[in-house]
Amino acid sequence: GAVVSQHPSWVICKSGTSVKIECRSLDFQATTMFWYRQFPKQSLMLMATSNEGSKATYEQGVEKDKFLINHASLTLSTLTVTSAHPEDSSFYICSARDQTSGRTQYFGPGTRLLVL
Amino acid sequence: DAKTTQPPSMDCAEGRAANLPCNHSTISGNEYVYWYRQIHSQGPQYIIHGLKNNETNEMASLIITEDRKSSTLILPHATLRDTAVYYCIVRVESYGQNFVFGPGTRLSVLP
């Protein structure tokens, strides 16, 4: 199946710093990518939909100025957690859909963020 | 998208078939049934999907009832590495729409 990568796989940062997470579709193009967050023992929750060349669409309750999303190309979307705080510590997962092959959505391996 | 109901947890003996049920009684005619799984600390992995016919691939089989109100994911010979949370998702075919994840079924494959 198609491959979606994320970088970094894990990051530890101090409170108040910003962290950028990259999501790449390695062998297909994705007009739309999705960013999810998952807290321990909970299911994935959609944060925002990232659209190539336009502004992201955020879910209710997700601060767009705190979670900056840039979808600069058909294979790359970035999520920047600005001024991170301990409550932002979570597992962040992106997904992308191959716009040419059909319906399946592929997920990245996730990025674990720990804010001290 | 239609809601799904799955048992919170199941056990299966290694080497035996794992049958994971999913109820989606409000599914509409244009909604597909998808199955993903999430092994601990990894991103979800696509398993299989179908509309109304039974489907099989190298990972699993998907059995959808004739009225499409329920389905079963079958792992024919479960291994310890199949221990994961399995998500059943139904959704329409819309490129821009995301997948909505419920709590899923935590499958434990026991030696």
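Here, the structure is the one placed above.
Since this is a predicted model, take the numbers as computed values, not measurements.

A.B. asks: Explain the sheet that holds strand β8 (residues 76-81) of chain A to me, using residue names and the numbers behind them.
C.D. replies: Paired through their backbone hydrogen bonds, the strands of a sheet run either parallel or antiparallel. Residues and elements named next belong to chain A. As summarised here, the arrangement of the 4 strands in space is β1-β3-β8-β7, forming an open sheet in which the pairing is antiparallel. Only two strands of the sheet have a single neighbouring strand rather than two, namely β1 (4-7) and β7 (67-73). Adjacent strand axes in the sheet meet at a mean angle of 15° when their direction is disregarded. Examined bridge by bridge, β7 and β8 share 5 bridges and lie antiparallel to one another. Along β8, the bridge assignment pairs Asn-70 with Thr-78.

A.B. asks: Just give me the short version of the nonpolar core, but keep the residues and values in it.
C.D. replies: The tendency in soluble globular proteins is for nonpolar side chains to be buried as a group. If you look at the biggest cluster of nonpolar residues, it comprises 25 residues, and the most contacted ones within it are Val-4, Trp-35, Phe-67, Leu-79, Tyr-92 and Leu-113 of chain A. Broken down by secondary-structure element, the contributors of at least two residues to this core are β2 (10-13), β3 (19-25), β4 (32-38), β5 (45-51), β7, β8, β9 (90-97) and β11 (111-115) of chain A. The contacts of Val-4 of chain A, once residues within four sequence positions are left out, are Cys-23, Arg-24, Phe-28, Cys-94, Ala-96, Tyr-106, Phe-107, Gly-108 and Pro-109 of chain A. Counting residues in hydrophobic clusters, the runner-up holds 21 residues, among them Val-33, Ile-47, Tyr-86 and Val-90 of chain B.

A.B. asks: How would you summarise the interface of chain A and chain B if you had to cite specific residues and measurements?
C.D. replies: Counting from both sides, the interface comprises 22 residues of chain A and, opposite them, 22 residues of chain B. Here chain A meets chain B over a buried area of about 1,700 Å², counting both sides, of which 53% is carbon and sulfur. Taken together, the connections running from chain A to chain B amount to 0 salt bridges. At the boundary of chain A with chain B, the tally comes to 6 residue pairs in polar contact (both at pLDDT 80 or more). Taken together, the elements giving at least two residues each to the side of chain A that touches chain B come down to β4, β5, β9 and β10 (105-107) of chain A.

A.B. asks: Outline the pairing of β1 of chain A, listing residues and values.
C.D. replies: Residue and element names in this part refer to chain A. Burial of the side chains of β1 is restricted to one face: Val-4 and Gln-6 are buried, whereas none of Ser-5 and His-7 on the reverse face is. With 4 bridges connecting them, β1 and β3 associate as antiparallel partners. The residue of β3 that forms the bridge with Gln-6 is Cys-23.

A.B. asks: Please set out the side chain of His-71 of chain A residue by residue, giving values where relevant.
C.D. replies: All names here are of chain A. Take His-71: it is sitting in strand β7. Note on His-71: relative accessible area 6%, which makes it buried. Engagement of the side chain of His-71 in a polar contact is seen with the backbone nitrogen of Glu-52, the distance being 3.3 Å. Not counting the four nearest positions on each side in its chain, His-71 is found in contact with Ala-30, Thr-31, Thr-32, Met-33, Ser-50, Asn-51, Glu-52, Gly-53, Leu-76 and Ser-77.

Criteria and cut-off values
- Residues numbered from 1 in each chain as written.
- Chains lettered and ligands numbered in written order.
- Predicted model: local features only at pLDDT ≥ 70, side-chain atom pairs only at ≥ 80, totals over all residues.
- Heavy atoms only, no water.
- Pairing = 2+ DSSP bridges.
- Helix = DSSP H or I, 4+ residues; strand = E, 2+ residues; numbered from the N terminus.
- Axes fitted to C-alpha atoms, helices over the stretch in contact; angles between N-to-C directions.
- Core = buried A, V, L, I, M, F, W, Y, C linked by side-chain atoms within 4.5 Å.
- Buried < 20%, exposed > 50% of the residue type's maximum accessible area, 1.4 Å probe, protein only.
- Contact = heavy atoms within 4.5 Å.
- Buried area = accessible area lost by both parts, 1.4 Å probe.
- Salt bridge = Lys/Arg side-chain N within 4 Å of Asp/Glu carboxyl O.
- Polar contact = N/O pair within 3.5 Å; in protein donor to acceptor, adjacent residues only side chain to side chain.

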